[in-house]
Amino acid sequence: MTEKDLRVAIDRAAGLLLAQGLSIAFAESATAGRVAAEFSLPCNAGKFLTGGLVCYDARLKTTLLGVPESLIEKYTPESMEVTEAIARGLTRLISADIHVGITGLPCPGGSESEEKPVGTMFVCAMKGESQLFAERRLFQGEHTQIILQSVCWTADLLFKRLGVTL
């Protein structure tokens, strides 16, 4: 993936957010704010980007976003179940039309396993009370490459799902 690929993906998703008059907010764990930062770069970002929260530590997931500790204990902080709970929790903190949660394992040291190796990333987006998408994907490469691929993937998912509603 190149910087140009990333810019195209972000600009396409941003264009649809602007065209549809939608706002967006992010709760990020593994990407540590990189998605929100990239979405802040297009012109007129202030018309669609509401803000974001970095919840790298699992305690922030529980204290700020209201993710039940039992959910984290059962599924681990890097799981689809927790990612969905992060997105839902964000709906109570930041006013936006779309709320996106992102978790995953860009490097060793988390809850990696044979079923969930390093490079496994999760993203969930809520549009109001409805789930826009919830996806899991395995990326290859170094830590920073996995993060950048995850940012691009998130933008692509937003573009595809929002494009369906046109």
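See the structure above.
Residues numbered from 1 in each chain as written. Predicted model: local features only at pLDDT ≥ 70, side-chain atom pairs only at ≥ 80, totals over all residues. Heavy atoms only, no water.

Draft legend 1. Focus on the nonpolar core. With 34 residues, the main nonpolar core has Ile-24, Phe-39, Ile-98, Val-100 and Leu-158 as its most contacted residues. Among the secondary structure elements, those contributing two or more residues to this core are α1 (3-20), β1 (24-28), α2 (34-39), β3 (98-104), β4 (120-127), β5 (130-138) and α6 (143-164). The dominant element in this core, judged by the number of residues it contributes, is α6, at 8 residues. Dropping the residues within four chain positions of it, Leu-158 is found in contact with Ala-13, Ile-24, Phe-39, Ile-98, Val-100, Leu-132, Phe-133 and Gly-163. By size, the runner-up hydrophobic cluster in this structure holds 13 residues, among which are Ala-27, Leu-65, Ile-86 and Ala-96. (Core = buried A, V, L, I, M, F, W, Y, C linked by side-chain atoms within 4.5 Å. Buried < 20%, exposed > 50% of the residue type's maximum accessible area, 1.4 Å probe, protein only. Helix = DSSP H or I, 4+ residues; strand = E, 2+ residues; numbered from the N terminus. Contact = heavy atoms within 4.5 Å.)

Draft legend 2. Representation of the packing of aromatic side chains. This structure, assessed with the given rule, holds 3 aromatic pairs. Within the aromatic cluster, the residues linked to one another by ring pairs are Phe-26, Phe-39 and Phe-48. The ring centre of Phe-159 lies 3.8 Å from the NZ or CZ of Arg-12, which sits over that ring. (Phe/Tyr/Trp six-rings, centres within 6.5 Å; stacked < 30°, edge-to-face > 60°. Lys NZ or Arg CZ within 6 Å of the ring centre and 35° of its normal.)

Draft legend 3. Summary view of α1. Between its first and last C-alpha atoms α1 spans 26 Å; for 18 residues at 1.5 Å apiece the expected length is 26 Å, and the two agree. Listing the buried residues of α1 in full gives Leu-6, Ala-9, Ile-10, Ala-13, Ala-14, Leu-16 and Leu-17. Relative to the axis of α1, the buried residues are bounded by an arc of 160° and lie together on one face. Exposed side chains of α1 directed beyond 90 degrees from the buried face belong to Lys-4 and Ala-19. Downstream of α1 by one or two residues, Gly-21 has phi in the positive range, about 65°. (Expected span 1.5 Å × (residues − 1). Arc of directions from axis to C-beta.)

Draft legend 4. Representation of the pattern of salt bridges within the structure. Under the definition given, this model contains 5 salt bridges. The closest approach of N and O atoms between Arg-7 and Glu-38, which form a salt bridge, is 2.7 Å. With Arg-7 in helix α1 and Glu-38 in helix α2, this residue pair connects regions lying 31 residues apart in the sequence. Through salt bridges with shared partners, a single ionic network connects Glu-3, Arg-7, Arg-34 and Glu-38. (Salt bridge = Lys/Arg side-chain N within 4 Å of Asp/Glu carboxyl O.)

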